[in-house]
Amino acid sequence: MARALVNVPKTARRDEIVEIKAMIAHPMETGYRMGPNGANIPRDIIRRFVCTYDGEEVFSADLFPAVSANPFIAFTLVATTSGTITFAWTDDAGETQTASADITVS
């Protein structure tokens, strides 16, 4: 898989709503395009995105071929405790790439 970029605030106040952003560099090939040899380019998309906060799932999304290359996902969550926010992307081949970031809550 490709490189992932995540943006999580380093610090937040308890019960503050924070914005989380994630992007993964991925071609999101639909399987409908023809390659230079006239054959279909095999489908290769990210099928599922999951975000956990200290082990608890806080956001998930199922992605489909209509999603553009390099998917960018943004959402909010309530900062309750200091911990790790983990991101996981799973593609058609079943490969999962993860990234994580820590947040300190005061």
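Preceding this section is the structure that the text describes.
Counting starts from 1 at the beginning of each chain's written sequence and moves along it residue by residue. Two thresholds apply to this predicted model, a pLDDT of at least 70 for residue-level local features and 80 or more for giving and counting side-chain atom pairs, whereas whole-chain, interface and lining totals are computed over all residues. Side-chain numbers here rest on the full set of heavy atoms in the structure, without hydrogens or water.

(A) Expanded view of the sheet that holds strand 8 (residues 96-105). Taking strand neighbours across the sheet as the criterion, the five strands line up as 2-8-7-4-5 in an open arrangement whose pairing is mixed. Edge positions in the sheet fall to strand 2 (11-12) and strand 5 (56-62), since each of these pairs with one other strand and no more. The pairing criterion is simple: DSSP has to find at least two bridges between the two strands. Numbering of helices and strands runs from the N terminus; a helix is a DSSP stretch of H or I covering at least four residues, while a strand is a stretch of E covering at least two. Bridge count for strand 4 (residues 46-53) against strand 7 (residues 83-91) is seven bridges, and the pairing is antiparallel. By the bridge assignment, Val50 is partnered in strand 7 with Ala88.

(B) A look at the pairing of strand 8. Side chains Gln97, Ala99, Ala101, Ile103 and Val105 of strand 8 all project onto a buried face; the interleaved residues Thr96, Thr98, Ser100, Asp102 and Thr104 project onto a face where none is buried. Judged from the two bridges that link them, strand 2 and strand 8 form a sheet pairing that is parallel. Each residue of the ladder has a partner; that of Ala12, found in strand 8, is Val105. Two elements, strand 7 and strand 8, share eight bridges in a ladder whose sense is antiparallel. Bridging from a neighbouring strand, Thr84 pairs with Asp102 of strand 8. For the exposure calls, accessible area comes from a 1.4 Å probe over protein chains only, and a residue counts as buried if that area is under 20% of its type's maximum, exposed if over 50%, partly exposed in between.

(C) Broad picture of unusual backbone geometry. Residues other than glycine seldom take positive phi values, yet Met28 does so here, at roughly 50 degrees. With respect to the element layout, Met28 can be found in the loop between strand 3 (16-24) and strand 4. The phi angle at Asp54 is positive, at roughly 55 degrees, despite the residue not being glycine. Position of Asp54 among the secondary structure elements: in the loop between strand 4 and strand 5.

These results come straight from atomic positions and should not be treated as a statement about function.
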